Amino acid sequence: MQLKLISTARCLSSFLHFNKYTNRQGLRSILKSRKMSSGLLEDVPKVDIDPSGVFKYILIKVYETEENNVEPSIIIVRGYQRCNYHSDIFDEVQGKLHPLDCEPLGGGRISHDSENKKIHIYGYSQGYGKADHEVAAKLIKETYPSYAITVSDEGY
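How each quantity is defined
- Residues numbered from 1 in each chain as written.
- Predicted model: local features only at pLDDT ≥ 70, side-chain atom pairs only at ≥ 80, totals over all residues.
- Heavy atoms only, no water.
- Helix = DSSP H or I, 4+ residues; strand = E, 2+ residues; numbered from the N terminus.
- Buried < 20%, exposed > 50% of the residue type's maximum accessible area, 1.4 Å probe, protein only.
- Areas by Shrake-Rupley, 256 points an atom, 1.4 Å probe, with all protein chains shown as cover.
- Phe/Tyr/Trp six-rings, centres within 6.5 Å; stacked < 30°, edge-to-face > 60°.
- Lys NZ or Arg CZ within 6 Å of the ring centre and 35° of its normal.
- Polar contact = N/O pair within 3.5 Å; in protein donor to acceptor, adjacent residues only side chain to side chain.
- Contact = heavy atoms within 4.5 Å.
- Expected span 1.5 Å × (residues − 1).
- Pairing = 2+ DSSP bridges.
- Axes fitted to C-alpha atoms, helices over the stretch in contact; angles between N-to-C directions.

Visitor: Explain the overall build of the chain residue by residue, including any values.
Guide: Check the secondary structure of the chain and you find four helices and six strands. Looking at the chain as a whole, 33% of its 156 residues qualify as buried. Roughly 9,700 Å² of accessible area belongs to the chain as shown, and the carbon and sulfur atoms make up 51% of that amount.

What follows is the structure, given as structure tokens:
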């Protein structure tokens, strides 16, 4: 990431050097905003769930390093049949997203019927508590816009 930032700065610096009409302050603000956020969160998909079946899922808040009293974060949904416990999902995701910090916000289950384009979100996690299924549904709807998505607080 540092190499990308350096090359971006060099390209911008060269452009400014050869373009006398460009405001130097513009470069400073671009580089300052680039430093404030490393861009790691931008690369994290909001939803990663199995393509079909019934499986456990969790909501996770993902954080970047705090700078200038600002701690950028996003909420993501993860759900996999291969994970027997909600904590298995969290451990897997946390390992993949290192060096970002992760915090589980709760869990539940997802029934994903890809053939009929339906997703049902329900239940809870014994370890993490019940996720806000409405938040999960909103995120999933962004990834699966043509699906019918339903939510229920019933069932395990």
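Visitor: Can you break down the environment of serine 87 residue by residue, with the values?
Guide: Position of serine 87 among the secondary structure elements: in helix α3 (residues 86-97). Put simply, serine 87 and serine 125 are 38 residues apart on the chain and 9.2 Å apart in space, counted from C-alpha to C-alpha.

Visitor: Summarise the packing of aromatic side chains; cite the residues concerned and give the values.
Guide: Counted by the stated rule, this structure contains two aromatic pairs. Each ring, one from phenylalanine 90 and one from tyrosine 128, has its centre 6.1 Å from the other, and the planes form 65°; the classification is edge-to-face. Pair noted here: phenylalanine 90 is in helix α3 and tyrosine 128 is in the loop between β5 (118-122) and α4 (133-143), with a separation of 38 residues, a long-range link. Directly above the aromatic system of tyrosine 80 lies the positively charged group of arginine 82, at a separation of 4.1 Å from the ring centroid.

Visitor: Describe the side chain of aspartate 50, with residues and values.
Guide: Mapped onto the fold, aspartate 50 is located in the loop between β1 (47-49) and β2 (53-63). A distance of 2.6 Å separates the side chain of aspartate 50 from the backbone nitrogen of glutamine 81, its partner in a polar contact. Setting aside residues up to four positions removed in sequence, aspartate 50 forms contacts with Phe55, Gly79, Tyr80, Gln81, Arg82 and His112.

Visitor: Now, about α3: what can you tell me, with residues and values included?
Guide: With 12 residues, α3 extends 17 Å from end C-alpha to end C-alpha; this agrees with the ideal 16 Å at 1.5 Å per step. For α3, the secondary structure elements touched by its buried residues are β2, β3 (73-79) and β4 (101-113).

Visitor: Break down the pairing of β2 for me, citing the residues and quoting the values.
Guide: Here β2 lies mainly inside the structure; eight of its 11 residues are buried. As paired strands, β2 and β4 are joined by 11 bridges and run antiparallel to one another. Counted as the bridge partner of tyrosine 57 is glycine 108 from β4. Across seven bridges, β2 lies against β3 in antiparallel orientation. In the strand pairing of β3, lysine 61 is matched with isoleucine 75.

Visitor: Describe the environment of tyrosine 124, naming the residues involved and giving the relevant values.
Guide: Mapped onto the elements of the fold, tyrosine 124 is located in the loop between β5 and α4. Taking the C-alpha atoms as reference, tyrosine 124 lies 9.6 Å from histidine 86; in sequence the two are 38 residues apart.

Visitor: With reference to specific residues and values, describe α4.
Guide: Within the span of α4, buried status applies to His133, Ala136, Ala137, Leu139 and Ile140. Capping of α4 at its N-terminal end is provided by aspartate 132; its side-chain oxygen lies 3.1 Å from the backbone amide nitrogen of glutamate 134.

Visitor: Can you explain the sheet that holds β4? Please cite residues and give values.
Guide: Spatially, six strands are ordered β1-β3-β2-β4-β5-β6 in an open sheet, and the strand pairing comes out mixed. What marks the edges here is a single partner per strand, and that holds for β1 and β6 (148-151). Across the sheet, the mean angle from the axis of one strand to that of its neighbour is 25°, orientation sign disregarded. Both β4 and β5 contribute to a ladder of five bridges, which runs antiparallel. In the sheet register, arginine 109 faces β5, and the bridge partner there is tyrosine 122. On top of the sheet, α3 reaches β2, β3 and β4; it is set at about 45° to β2, its chief contact.

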